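Observations on the three-dimensional arrangement
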Amino acid sequence: MPPPSSSDIVLPAPITQAVTRSDTGSGFTCEHEALNRFFRESARQNQERDISRTWVLRRTASDDPALPLVLGYYTLSLTTLKRETLPPDLGKRLPHYPLPAVLIARLARDSRVRGRGHGEDLLGDAHLRALTINAQSGAVAVIVDAKDAHARDFYKRFGYEPLLAESEPPTSPWPLRLFLPMAEIRAAYSEAP
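This report concerns the structure included in the present document. (Residues numbered from 1 in each chain as written. Predicted model: local features only at pLDDT ≥ 70, side-chain atom pairs only at ≥ 80, totals over all residues. Heavy atoms only, no water.)

**Remarks on the pairing of strand E3 (residues 70-81)**
With nine of 12 residues buried, E3 lies mostly within the body of the structure. Where strand E2 (residues 53-58) meets E3, six bridges bridge the pair, whose relative direction is antiparallel. Paired with Val-56 across the bridge in E3 is Tyr-73. Where E3 and strand E4 (residues 99-109) come together, 10 bridges link them in antiparallel fashion. Residue pairing for E4: Tyr-74 is matched across the bridge by Leu-107. (Buried < 20%, exposed > 50% of the residue type's maximum accessible area, 1.4 Å probe, protein only. Helix = DSSP H or I, 4+ residues; strand = E, 2+ residues; numbered from the N terminus. Pairing = 2+ DSSP bridges.)

Written out as structure tokens, the structure reads:
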């Protein structure tokens, strides 16, 4: 029996909405100024130019009104990767041409909601959208560019592994660019109750 495809799995609805002008002016602040600046200055413009899509987790009416309006966000884009950057056991089964992947280009939660699980919620939401993209066009993995060692460790908790550097031989890890095979994400949702 073939594995379930993304279209066979009933996915929960995403919890995020597309970024708006009011979101980008809401005062979102995380620990990385580059992520704050992107959100304020480029997220909406990149969306309008079809460069990427930014999804926002907003405070709801039932949340404490003292919480920030935007609890967090992530940005998705499409990318390709070379099979040589994947571990040999995975890469050997794939073709030699560039392979499609979904890139979580940025993921951040407001520093005022640290420890409330919003980063995990955003990553789960990004995985749902990646499965939808995969069902429509195909993608072998989700790729992330971790900002630092703390972010790298966050992604590793969810099964992400470093891609191999593009070198000869391709054995040294590229420690802040990580991947998770789409098959693993799909399996996690097909096994969910």
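**Re the pattern of salt bridges**
A full pass over the atoms with the stated rule returns 11 salt bridges. For the salt bridge of Arg-109 with Glu-31, the shortest nitrogen-to-oxygen distance reads 3.0 Å. In this pair, Arg-109 sits in strand E4 while Glu-31 sits in the loop between helix H1 (21-24) and helix H2 (33-41), placing the two residues 78 residues apart along the sequence. The exposure class assigned to Arg-109 is buried, which follows from its relative accessible area of 16%. In this structure, the salt-bridge partner of Asp-145 is Arg-177, at a minimum N-O distance of 2.6 Å. With Asp-145 in strand E5 (residues 141-145) and Arg-177 in strand E7 (residues 173-181), this residue pair connects regions lying 32 residues apart in the sequence. Exposure remark for Asp-145: the relative accessible area of 32% places this residue in the partly exposed category. A relative accessible area of 16% means that Arg-177 is categorised as buried. (Salt bridge = Lys/Arg side-chain N within 4 Å of Asp/Glu carboxyl O.)

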